[in-house]
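One-letter residues, chain by chain:
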Amino acid sequence: MDRVALRGLRARGYHGVFPEERREGQTFVVDLVLGLDTRPAAADDDLAKTVHYGIVAEEVVAVVQGEPVNLIETLAERVAQACLKHEGVQEVEVTVHKPDAPITVPFDDVTVTITRSRV
């Protein structure tokens, strides 16, 4: 299986369990690795035979900006399901970063990574 990766998609969302997260929002960062067979697209040099990563990026941002959820695990699942709606995508790895998580000690990032497939 081939891989198409999108890294560092940024969007403001209102996800979290605390009222201030829901009220003020924060930036979330999403990394994707899409698993698909790129041979048909490469053979014909045809965008229609692969995944249009620009459209995927817009859809992922819309999910992050959309309906708030408590957990980034839930957000990652919603992103994965949006990616798997694309016909050629057989598998997706999603990492959701929450760099401004409300943690009281110094930290660099909080992430959740999931892998989902059509199976």
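What you are looking at is a predicted structure, and each value in this text was computed from that prediction instead of being measured.

K.L.:
Mind laying out helix α3 (residues 53–65), listing which residues take part and the relevant values?
P.N.:
Compared with the 18 Å implied by 1.5 Å per residue over 13 residues, the 18 Å span of α3 between its first and last C-alpha is a close match. Turning to α3, its buried residues number three or more, namely Val56, Ala57, Val60 and Val64. When α3 is viewed along its axis, its buried side chains cluster within an angular range of 100 degrees and face the same direction.

K.L.:
Quick rundown of a nonpolar patch on the surface? Include the residues and the values.
P.N.:
Nonpolar side chains collect at one region of the surface, where Val17, Phe18 and Leu71 lie side by side and expose about 270 Å² of accessible area between them. Tracing the backbone through its elements, the reader meets Phe18 in the loop between β1 (2–13) and α1 (19–24).

K.L.:
Tell me about the packing of α3 against helix α4 (residues 72–84), residues and numbers included.
P.N.:
Across the interface, α3 lies against α4 with an axial gap of 10 Å and an inter-helix angle of 150 degrees. In terms of orientation, α3 and α4 fall into the roughly antiparallel class. The interaxial crossing formed by α3 with α4 has right-handed handedness. Contact residues: α3 offers Val56, Glu59, Val60, Val63 and Val64, while α4 offers Leu75, Arg78, Val79, Ala82 and Cys83.

K.L.:
I'd like a description of α4, backed by residues and values.
P.N.:
Over its 13 residues, α4 extends 18 Å from the first C-alpha to the last, a length consistent with the 18 Å expected when each residue adds 1.5 Å. Of the residues making up α4, those classed as buried are Ile72, Leu75, Ala76, Val79, Ala80, Ala82, Cys83 and Leu84. Residues of α4 that are buried in the fold lie against β2 (26–36), α3, β3 (91–97) and β4 (111–117).

K.L.:
Report on the nonpolar core, specifying residues and quantitative values.
P.N.:
Judged by nonpolar contacts, the single largest core of 28 residues is most densely connected at Val30, Leu32, Leu34 and Val94. No other element matches the 7 residues that α4 contributes to this core. Once you skip the residues sitting within four places of it in the chain, Leu32 turns out to touch Val4, Ala5, Leu6, Leu9, Val56, Val60, Val79, Cys83, Val92, Glu93 and Val94.

K.L.:
Lay out the UniProt feature "domain: Dihydroneopterin aldolase/epimerase" (unreviewed entry) in the chain in plain terms, naming residues and giving numbers.
P.N.:
Taking the numbering used here, the UniProt-annotated feature "domain: Dihydroneopterin aldolase/epimerase" (unreviewed entry) corresponds to residues 4–116. Between the end C-alpha atoms of residues 4–116 the distance is 15 Å, and the span holds 34% helix and 30% strand.

Here is what the cut-offs are and how they apply
- Residues numbered from 1 in each chain as written.
- Predicted model: local features only at pLDDT ≥ 70, side-chain atom pairs only at ≥ 80, totals over all residues.
- Heavy atoms only, no water.
- Helix = DSSP H or I, 4+ residues; strand = E, 2+ residues; numbered from the N terminus.
- Expected span 1.5 Å × (residues − 1).
- Buried < 20%, exposed > 50% of the residue type's maximum accessible area, 1.4 Å probe, protein only.
- Arc of directions from axis to C-beta.
- Patch = residues over 30% accessible without salt bridge, like charges linked within 9 Å, V, L, I, M, F, W, Y side chains within 5 Å.
- Areas by Shrake-Rupley, 256 points an atom, 1.4 Å probe, with all protein chains shown as cover.
- Salt bridge = Lys/Arg side-chain N within 4 Å of Asp/Glu carboxyl O.
- Axes fitted to C-alpha atoms, helices over the stretch in contact; angles between N-to-C directions.
- Parallel < 35°, antiparallel > 145°, perpendicular 65-115°, else oblique.
- Left-handed = near helix turned anticlockwise from the far one by under 90°.
- Contact = heavy atoms within 4.5 Å.
- Core = buried A, V, L, I, M, F, W, Y, C linked by side-chain atoms within 4.5 Å.
- UniProt positions renumbered as here; feature names shortened; annotations may be inferred.

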